[in-house]
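What follows is the residue order along each chain.
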Amino acid sequence: MIIRKSQAEIEGMARAGDIVADTLAMIGEELRPGVSMLELDRLAEDYIRERGGVPTSKGYRGYPAALCISPNAMIVHGIPTNYIAAAGDIVSIDLGVTLDGLIADSAYTFGVGEIFPEAQRLLDVCQEALAAGIEQARIGNHVSDISHTIQTVVEAAGFSVVRSLVGHGVGRAYHEDPQIPNFGAPGRGPELLPGMTLAIEPMITAGGPDVVMHADEWSISSADGSLTAHFEHTVAVTEEGPKVLTAAKRPVEAGLLP
Ligand code: MF3
Ligand code: CO
């Protein structure tokens, strides 16, 4: 069952989303060569709590941290470790924030220092795929219009979408219906209606679509060791079109979050 949110709930999710966006911007500035992943997680958790929020991931099904930090070939759900960021890494940071019982969820993949042009292209394509997917989050479209658009952008660039990981509804719970795959034929799945709130999240690789889970039973990497990227926004379907609830207000790196 897809939970449609009231205007007040969407506004509450946007307040949670502001904390998510500001946390990502802060972590993007701290993510320099030499910083450890554990340090980033501590900074994020302190910041979220100072803002009155709760890190949604921490304790979710036993997950031990505020952030998912997934470097290079790791695509999602990386548990922060003592790994030290090095120039040339690309690092995905994914987090949820709960504020007054409402949740927003977003992810951004950062380059550390100077990165290879092909890594930059992977990030650009993933971000472009997310923006194109968000554009499809319109009343009267179907869930798979988002999926199909993301797949088209990613595969046109010669990259792969992961099939076994999906976007999702979000808001009152971290993971609500519907599932939002990043591939598929258009025009399928539930029709999009006002008040639906969706976490749209292309997860892509520079190689093949297969992934493997690590022994920690959380972290997931590309099976072929290729670089991966993950961008995510929480989006409300409204009469005025898609409304991004996790949009950044401050510059991140050279660009702006969409
Ligand atoms: N934020 C992730 C998502 O995009 C969920 C992470 S679950 C966790 O859906 F427990 F690993 F944090
Ligand atoms: Co998500």
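Right, let's walk through the structure included here.

Moving on: the layout of surface pockets. Considering only enclosed or pocket space, the largest pocket measures out at about 580 Å³ in volume. Looking at the largest pocket, it is lined by 26 residues, and the ones nearest its centre are Y60, H77, V166, H168 and H175. Secondary-structure elements contributing two or more residues to the lining of the largest pocket are strand 7 (167–169) and strand 8 (176–180). At three residues, strand 8 tops the list of elements feeding residues into the lining of the largest pocket. For the lining of the largest pocket, a count of residues per class yields 10 nonpolar, eight polar and eight charged.

A rise of 1.5 Å per residue sets the reference length of helix 4 (residues 143–156), with its 14 residues, at 20 Å; its end C-alpha atoms lie 21 Å apart and thus fit the reference within 8%. By the criterion of burial, helix 4 is predominantly enclosed, with 10 of the 14 residues buried. If you check which residues of helix 4 are buried, you get V143, S144, D145, I146, S147, T149, I150, Q151, V153 and V154. Buried residues in helix 4 make contact with helix 3 (117–135), strand 6 (160–161), strand 8, strand 9 (197–200) and strand 10 (203–205). After helix 4 finishes, the residue G158 shows a positive phi value of roughly 90°.

Take the pattern of salt bridges next. A side chain with one charge can pair with a side chain of the opposite charge if their charged atoms come near. Tallying each qualifying case throughout the model produces 10 salt bridges. As a salt-bridge pair, E9 and R172 come within 2.7 Å of each other at their nearest N and O atoms. Of the two residues, E9 is situated in helix 1 (residues 7–30) and R172 in the loop between strand 7 and strand 8; the sequence distance between them amounts to 163 residues. E9 sits in the buried class, given a relative accessible area of 16%. One salt bridge connects R42 with D46, and the closest N-O pair in it is separated by 3.3 Å. Of the two residues, R42 and D46 both sit in helix 2 (residues 37–50), four residues apart, roughly one turn of that helix. With relative accessibility at 44%, the residue R42 sits in the partly exposed group. Classification of D46 by relative accessible area gives partly exposed; the value is 38%. Shared partners join several salt bridges into a network, and the residues in it are E39, R42 and D46.

What counts, and at which threshold
Residues numbered from 1 in each chain as written. Chains lettered and ligands numbered in written order. Predicted model: local features only at pLDDT ≥ 70, side-chain atom pairs only at ≥ 80, totals over all residues. Heavy atoms only, no water. 1 Å grid on protein atoms, 1.4 Å probe; cavity = no way out; pocket = protein on both sides within 12 Å on 5 of 7 lines; lining within 4 Å. Points joined across faces, edges and corners; volume = space filled by probe spheres on them. Helix = DSSP H or I, 4+ residues; strand = E, 2+ residues; numbered from the N terminus. Nonpolar A, V, L, I, M, F, W, Y, C, P; charged D, E, K, R; others polar. Expected span 1.5 Å × (residues − 1). Buried < 20%, exposed > 50% of the residue type's maximum accessible area, 1.4 Å probe, protein only. Contact = heavy atoms within 4.5 Å. Salt bridge = Lys/Arg side-chain N within 4 Å of Asp/Glu carboxyl O.

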